[in-house]
Amino acid sequence: VSTMNAKTSSGAEEEGSGMRNETLGESGCLGEAKRRQVIRVAYVIAALDLTFLFMQMGIVPYLSKSLGLDSVGFGYLQTTFGLLQLVGGYIFGRFADRFGARAALILSCVSGSVFFLLMSLSTSIPLLFLSRLPGVFMHGIPGAQKVITDMTTPSQRAGALGKLGFCFGVGIIAGSVLGGVLSTKFGIYVPTYVGLVGSLINTLIAMVCIPSQTKPKSDHHMTEHSDLFSIREILRLMKFPGVMEVFIVKVIAGLPIGLFMIMFSIISMDFFGLEAVESGYLMSYFGVLQMVVQGLVVGKLSSHCTEMTLLRLSVFVFAGVGLGMALMRTVWHYCIIAVPLVFAFSMLATITDSILTKAVPSSDTGAMLGICASVQPLTRTVGPTIGGVLYKQFGVSSFGYLQLMVNLGLFVYLLKSKIPLEEIKSQ
């Protein structure tokens, strides 16, 4: 945290105020116990949001097929959702900066309610496509990240953000199981009803338990007339020291494994020969690994190592994972590779988010988180085409070799370059 060296008594008071804000973790007016309670509520909202999201992900292929949508049409449906999330991520972040983390979380939960309502009414293909529209503001994880970013000090941030991975694991396991059980026993639309009710409950939790102001008023510098979507603002954030370099590493390092995961449903059937139930077990295994790694490992490592060290470590492990993927032949090989894979993926996501939110003014952390949240939708948008070509022309091993080459190059770059990072809390 950088503060101006005061030469007057008023300057000294401002410095003392800045240090107090650091101690209070950018919430300024909330005590330690209250801040921890709010962060726990953010974890609960995130876990529920992900559970409902994975519930619908499990039934969408079957619902699409029952409505007569072929594989090409299903690809368009997924691309539509990815594009909406890509555009909405940054707008959502700017909304959070202007109106606060609570308002942003409420917007996300309300959008989820509309999403599930429209999905429950989707008795035709046009209605199914229409149900994707609220996805533009469905950003529960960035909303929870915004709360945590506002309520933690820079030294606490990586560990606190890392624990969101535990919520991700809960969402994968609970959502996949509930979606399958409910749709099989009670009908294909029942998970959408549960998602609708759950999203409404999430909205109430956010309204009641998240304070209207999660950071000091002095940090709210965004003017009322500034646009929610502004290319100029994105470029402004990218000009802060180290931001562009770290963001590029975040995008490029995760791209090869992102392509692999997009094609995983096809790979699991064709390459591994798995049935639907077995694929579900594999997803649950991933969920457990995610919970353990992000819930326990990331936080402990972040308290003992510098963030740049952990960034280099994640990229190096990714390179090793690429070599393993290039050589794997069975699903058991993949289960072994999954351990370092989940570690590298979780570490990369958490550390880069932490670095980037500390490198911009606190009044822009929502926008920065929104930009970070757009990386995955971008991969989902362009991934099916690139991944399909790689898989068809070169096979599964091509994903591994691409992963190895890209991340080895990034590792060498991170070793040789000195990325200028500055932690800024107000500007």
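Residues numbered from 1 in each chain as written. Predicted model: local features only at pLDDT ≥ 70, side-chain atom pairs only at ≥ 80, totals over all residues. Heavy atoms only, no water.

Per an unreviewed UniProt entry, the protein goes by Organic cation transporter-like protein 2 and derives from Alaudala cheleensis. Quoted straight from UniProt, the Subcellular location (unreviewed entry) entry for the protein says "Apical cell membrane". What UniProt states about the protein under its Function (unreviewed entry) heading is, verbatim, "May act as a transporter of organic cations based on a proton efflux antiport mechanism. May play a role in the transport of chloroquine and quinidine-related compounds in kidney. Plays a role in the regulation of lipid metabolism." (UniProt positions renumbered as here; feature names shortened; annotations may be inferred.)

On to the packing of aromatic side chains. In this structure the tally under the stated criterion is ten aromatic pairs. Between Phe 271 and Phe 272, the aromatic rings sit 5.2 Å apart at their centres with planes inclined by 70 degrees, giving edge-to-face as the arrangement. Note on Phe 271: relative accessible area 31%, which makes it partly exposed. Aromatic rings pair up to connect Phe 260, Phe 271, Phe 272, Phe 286, Tyr 334 and Phe 399 into one cluster. A cation over an aromatic ring shows up here: Arg 132 above the ring of Phe 81, its NZ or CZ 5.6 Å from the ring centre. (Phe/Tyr/Trp six-rings, centres within 6.5 Å; stacked < 30°, edge-to-face > 60°. Buried < 20%, exposed > 50% of the residue type's maximum accessible area, 1.4 Å probe, protein only. Lys NZ or Arg CZ within 6 Å of the ring centre and 35° of its normal.)

Below, the discussion takes up the pattern of salt bridges. Summed over the entire model, instances satisfying the criterion amount to four salt bridges. Asp 150 is paired through a salt bridge with Lys 146; the nearest N and O atoms lie 3.4 Å apart. In this pair, Asp 150 and Lys 146 are both assigned in helix α6 (residues 140-151), four residues apart and thus about one turn of the helix distant. Take Asp 150 and Lys 146: they sit in the same class, and that class is buried. When salt bridges with common partners are traced through the structure, they connect Asp 97, Lys 146 and Asp 150 into a single cluster. (Salt bridge = Lys/Arg side-chain N within 4 Å of Asp/Glu carboxyl O. Helix = DSSP H or I, 4+ residues; strand = E, 2+ residues; numbered from the N terminus.)

On the surface, a nonpolar cluster with roughly 420 Å² of combined accessible area is contributed by Leu 323, Leu 327, Tyr 401 and Met 405. Contributing elements (two or more residues each) for the nonpolar patch: α14 (307-327) and α18 (397-416). With respect to the element layout, Tyr 401 can be found in helix α18. (Patch = residues over 30% accessible without salt bridge, like charges linked within 9 Å, V, L, I, M, F, W, Y side chains within 5 Å. Areas by Shrake-Rupley, 256 points an atom, 1.4 Å probe, with all protein chains shown as cover.)

On to the nonpolar core, then. Judged by nonpolar contacts, the single largest core of 62 residues is most densely connected at Phe 260, Tyr 334 and Phe 399. Among the elements that make up this core, the one with the highest residue count is helix α15 (residues 331-358) (14 residues). Setting aside residues up to four positions removed in sequence, Phe 260 forms contacts with Ile 267, Met 325, Met 328, Tyr 334, Val 396 and Phe 399. Grouped together as the second largest cluster of nonpolar side chains are 22 residues, Val 41, Tyr 43, Val 147 and Ala 160 included. (Core = buried A, V, L, I, M, F, W, Y, C linked by side-chain atoms within 4.5 Å. Contact = heavy atoms within 4.5 Å.)

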